[in-house]
Amino acid sequence: MTDEVVLAAENVTKHFAASRGRRFGLGKRPPVRAVEDVSLNLTAGRITAMVGESGCGKSTVARMLARIYPPTKGRILLRGKEVTDSRAYRRNVQMVFQDPFASLNPFHKVHYHLARPLKLHGHARTKAEVDEQVAALLERVSLTPVEQFMHKLPHELSGGQRQRVAIARALAAQPVALIADEPVSMLDVSIRLGVLRLLEKLAREENLALLYITHDIASARYFADDILVMYAGQLIEQGPSQRVTDDPAHPYTKLLLSAAPDPDQVDDEEDTTDHGEPPSLISPPSGCRFHPRCPVALPTCSTTAPLFTALADDHHTACHLYDPATVAG
Amino acid sequence: MDYLTGSGAVHAVDGVSLTLRRGEILGLAGESGSGKSTLANAVARLLRPPAVVTAGSVTYHRADGSATDLLRMGKQELRRFRWKELAVVFQSAMNSLNPVTTVGSQVDDVLRAHDRSMSTVERRDRAVELLRRVGISADRAKSYPHELSGGMRQRAAIAIALALNPEIIIMDEPTTALDVVVQRDILREIKALREEYGFAVVFITHDLSLLLSMADRIAVMYAGQLVEHGAARDVHDHPRHPYTLGLLRSFPKLRGPREELLGIPGTPPDLRDLPPGCPFHPRCRFAVDACSAEQPELTEVHSGQWAACLAHGPSYGPVPVELSAGGSR
């Protein structure tokens, strides 16, 4: 296994033009600041999880990495280079979407869904080659007997089976990086584990760089090597998954962890404070975007945005509490 | 209670008997298609053709001691019963609230329709009071649903359910669409309101981990049948049915060491074509030959804890250690 950085985002920012909303004066409408200045690295054979609430920008990051949206600012580097050719890029970076009911064309059989990327990316030319590779793909995602699944339509499959087809379709391009945007949140609890295990196996055995996007921090802890936490469009903490979940630094990560339902720890201290909701991304709070909800906010938090501080070589957080400058002053 | 739906007579719920005690939170867990929502809708008399209740009864015991079979209620009677004694909170508040009127007027609407004796001013005051109780400030009463966040909308839906002080509130996945932090705040709110008003809750969810900290008792459904029910603690600490055990070991834990996740192999069965005997046996790792022949009955395994599994019967031999009191997680 190499420690090669396959896919990197460098200070990417995404602003969406708001089609409605208040206009300040007669100027342009303010944009929705969906993602602000996010940098990340995906390494071959490693699973990186990105967690955060809905609306925090994690799907937008995924879509920028998959080249569905162009970033407003910043660069996306594939093996250290910016790639302009979309097809060459997509051959290397593939995406699995959240909803397997919407991501497969209901009119086409499984064989068609898998044969198309094979042909488009030039991995198979003759019919025999296509058939052989389609069968191999189904085998890899454990949809066996292969002959039976090949000729099924999406509606004949369960949610978990469809998601496996979607994964096989992504693999057909023979990518080096796979972006899975909430791949199991639409699936039943009893089959989630199987799909996650499959993704894990693919990342390890085929040396794929996997970005696993989820709102379920417990599964991120279990499957990922590293965790990135996003809040209101910004990355606020990153580190090895065990460290981030056992010893979180940022107050938001702590809030997220304490809010996750945990049957083994029925909340004894009845903390009845209302924790509020994520802010508007059209006019985000000044300074640290988390400060209005933060239980330990300092005066400086509402004026100055915190910078990333290293807590350890591989554990970083953007919070004034850990900033030596703030603590000293 | 047993009932069929139209196309090909699907037994969506088959022979389920449950009691809901006054003021308790009963958690109903199961995967999609396990019949939990259908069961709740049948109780609330919300089923529409092609769904029909073919057998069974739903007895409602009033506080004054009188009892009625809800399934035999006439239109007039039902109109008086609904919302005054039994209210429903649906999964997506986005769809259950009217988008073209304000939330205040929707609370008002319920009051006007069910309680003719209140004056306009009284109703307005009550509406504001109800919204305040669920954590929506008075000035938000004039907001339209689209102006509120998902959490706020769900709170508004809960306020509407509370409007007439019902005895029972059925909550069908009330927090599934929400973020964990907001979800926890709302669950706390529900618990606090229950303390205050003393209503009973049927809480339907696919998220067993959430129920364990929320419910007093838990009932687990699989393929339209009740497979286990008992006190929440007992079900969590000592699951007696292999399906419950599998579910509990399917989601990763947030704290403590990374333990081996079992998961459940296979996929949920097709209700049109259920396996013979116990519907869970093809996915069960404790299954013996008898499981495919004999349908297990619910038996009391432990005081107050019932499970439908042959492993607890006389013919099975020793009960697997995982399913006995010794097999705690």
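Residues numbered from 1 in each chain as written. Chains lettered and ligands numbered in written order. Predicted model: local features only at pLDDT ≥ 70, side-chain atom pairs only at ≥ 80, totals over all residues.

Engineer: Lay out the overall build of chain B in plain terms, naming residues and giving numbers.
Structural biologist: The secondary structure content of chain B amounts to 10 helices and 13 strands. The C-alpha atoms of chain B give a radius of gyration of 21 Å, which matches the 20 Å a tight globule of 329 residues would have. With respect to the principal axes defined by its C-alpha atoms, chain B has extents near 70 × 50 × 40 Å. Here chain B, with 329 residues, has 43% of them falling under the buried criterion. When contacts within chain B are restricted to residue pairs at least 6 apart in sequence, long-range pairs at least 24 apart make up 63% of them. (Helix = DSSP H or I, 4+ residues; strand = E, 2+ residues; numbered from the N terminus. Rg over C-alpha atoms; globule rule 2.2 N^0.38 Å. Buried ≥ 20, exposed ≤ 12 C-beta atoms within 10 Å, placed from the backbone. Contact = placed C-beta atoms within 7 Å.)

Engineer: So, helix α3 (residues 110–120) of chain A: which residues are in play, and what are the values?
Structural biologist: Residues and elements named next belong to chain A. Within the span of α3, buried status applies to V110, H113, L114, A115, P117 and L118. Buried residues along α3 sit in contact with α4 (127–140), α5 (146–150) and α6 (159–172). The first or second residue beyond α3 is G122, which carries a positive phi of 70°.

Engineer: Any details on the packing of helix α10 (residues 251–259) of chain A against helix α7 (residues 180–197) of chain B? Residues and values, ideally.
Structural biologist: Taken N-terminus to C-terminus, the directions of α10 of chain A and α7 of chain B make an angle of 50°; their axes are 8 Å apart at the nearest point. By the criterion of interaxial angle, the relationship of α10 of chain A to α7 of chain B is oblique. When the axes of α10 of chain A and α7 of chain B are compared, the crossing they make is left-handed. Between α10 of chain A and α7 of chain B, the residues in contact are L255, L256 and A259 of chain A and V180, V181 and R184 of chain B, respectively. A class-by-class count of the residues in the contact of α10 of chain A with α7 of chain B yields five nonpolar, no polar and one charged. (Axes fitted to C-alpha atoms, helices over the stretch in contact; angles between N-to-C directions. Parallel < 35°, antiparallel > 145°, perpendicular 65-115°, else oblique. Left-handed = near helix turned anticlockwise from the far one by under 90°. Nonpolar A, V, L, I, M, F, W, Y, C, P; charged D, E, K, R; others polar.)

Engineer: Describe the packing of α6 of chain A against helix α7 (residues 189–205) of chain A, listing the residues and the values that go with them.
Structural biologist: Residues and elements named next belong to chain A. Their axes nearest at 10 Å, the elements α6 and α7 cross at an angle of 15°. Between α6 and α7, the interaxial angle falls into the category roughly parallel. Where α6 crosses over α7, the handedness of that crossing is right-handed. Residues G160, Q163, R164 and I167 of α6 form the contact with α7, whose own contacting residues are I191, G194, V195 and L198. Each residue belonging to the contact of α6 with α7 can be placed in one class, and the counts come to four nonpolar, three polar and one charged.

Engineer: Could you give an account of the domain arrangement of chain B, naming the residues involved and the relevant values?
Structural biologist: Residue and element names in this part refer to chain B. Here chain B is described as being made up of domain 1 (2–62 + 71–219) and domain 2 (239–323). On a C-alpha basis, the centres of domain 1 and domain 2 stand 30 Å from each other. Across the boundary between the two partners, domain 1 contributes eight residues, which contact six residues of domain 2. Contributing elements (two or more residues each) for the side of domain 1 that touches domain 2: β2 (10–14) and α8 (208–214). Broken down by element, the residue count for the side of domain 1 that touches domain 2 peaks at three residues, all from β2. Classifying every residue of the side of domain 1 that touches domain 2 gives three nonpolar, four polar and one charged. (Domains from an automatic or database assignment.)

Engineer: Got a sec to walk through the sheet that holds strand β8 (residues 168–172) of chain B? Specific residues and values, please.
Structural biologist: Residues and elements named next belong to chain B. Strand order in the open sheet made by the eight strands is β7-β8-β9-β3-β10-β11-β13-β12, with mixed pairing throughout. Looking along the sheet, the strands with just one partner apiece sit at the ends: β7 (86–89) and β12 (299–302). Across this sheet, the average inter-strand angle for adjacent strands is 20°, counted without regard to direction. As paired elements, strand β3 (residues 25–29) and strand β9 (residues 200–205) share five bridges and run parallel to each other. Residue G27 lies in a different strand from β9, and its bridge partner there is F203. Those strands touched by helix α6 (residues 150–162) are β7 and β8, and its axis lies near 170° from that of β7. (Pairing = 2+ DSSP bridges.)

Engineer: Before we move on, could you go through the confidence of the model for chain B and cite the residues and values that matter?
Structural biologist: Residues and elements named next belong to chain B. The share of residues in chain B with pLDDT of 70 or more is 93%, and the mean pLDDT across the chain is 82. No element of chain B has a lower mean pLDDT than strand β1 (residues 2–5), at 45, and none a higher one than strand β10 (residues 217–222), at 91. Every residue in residues 1–7 scores below 50 in pLDDT, and together they form 31 contacts with partners more than four places removed in sequence or on other chains. Overall fold confidence (pTM) sits at 0.81, and the ipTM for the predicted complex is 0.71. (pLDDT = per-residue confidence, 0-100.)

Engineer: Pulling in residues and values, what's your account of unusual backbone geometry?
Structural biologist: Residues and elements named next belong to chain A. In this structure, the amide linkage connecting T144 to the following residue, P145, adopts the cis form with an omega of 0°. Note on placement: P145 falls in the loop between α4 and α5. If you check the backbone angles, D37 has positive phi at about 55° while not being a glycine. With respect to the helices and strands, D37 occurs in strand β2 (residues 32–43). Classification of D37 by C-beta neighbours within 10 Å gives partly exposed; the count is 14. Of note, the phi angle at N207 is positive, near 60°, even though the residue is not glycine. Within the secondary structure layout, N207 lies in the loop between α7 and β7 (209–214).

Engineer: Tell me about the pairing of strand β3 (residues 47–51) of chain A, residues and numbers included.
Structural biologist: Residues and elements named next belong to chain A. In terms of burial, β3 is largely enclosed, as five of its five residues are buried. Where burial is concerned, the two faces of β3 agree: the one with I47, A49 and V51 and the one with T48 and M50 are both buried. As paired elements, β3 and β7 share five bridges and run parallel to each other. In the strand pairing of β7, T48 is matched with L211.

Engineer: I'd love a proper account of helix α5 (residues 120–133) of chain B, names of residues and values included.
Structural biologist: Residues and elements named next belong to chain B. Its 14 residues place the ends of α5 20 Å apart at the C-alpha level, agreeing with the 20 Å of an ideal helix rising 1.5 Å per residue. The complete set of buried residues in α5 reads R123, A127, L130 and L131. Taken around the axis of α5, the buried residues stretch over an arc of 95°, which confines them to a single face. In α5, the exposed positions that point more than 90 degrees away from the buried face belong to V121, E122, D125 and E129. Elements that come into contact with the buried residues of α5 comprise α4 (103–114) and α6. Two residues or fewer past α5, G135 is found with a positive phi of approximately 90°. (Expected span 1.5 Å × (residues − 1). Arc of directions from axis to C-beta.)

Engineer: Break down the nonpolar core for me, with residues and values.
Structural biologist: One finds Y212 of chain A together with A159 and F203 of chain B to be the most contacted residues of the largest nonpolar core, which totals 176 residues. With residues up to four places along the chain from it excluded, the contact list for A159 of chain B reads V107, L130, L131, R133, V134 and I136 of chain B. (Core = buried A, V, L, I, M, F, W, Y, C linked by C-beta atoms within 7 Å.)

Engineer: Lay out the sheet that holds strand β6 (residues 177–181) of chain A with the relevant residues and their values.
Structural biologist: Through backbone hydrogen bonds, the strands of a sheet pair up, either in parallel or in antiparallel fashion. All names here are of chain A. A sheet is described by the order of its strands in space; here eight strands give the open sequence β5-β6-β7-β3-β8-β9-β11-β10, paired in mixed fashion. Only two strands of the sheet have a single partner each, and these edge strands are β5 (93–96) and β10 (308–312). Direction aside, the axes of adjacent strands within the sheet are offset by 20° on average. Here strand β9 (residues 234–240) pairs with strand β11 (residues 315–318) via two bridges, running antiparallel.

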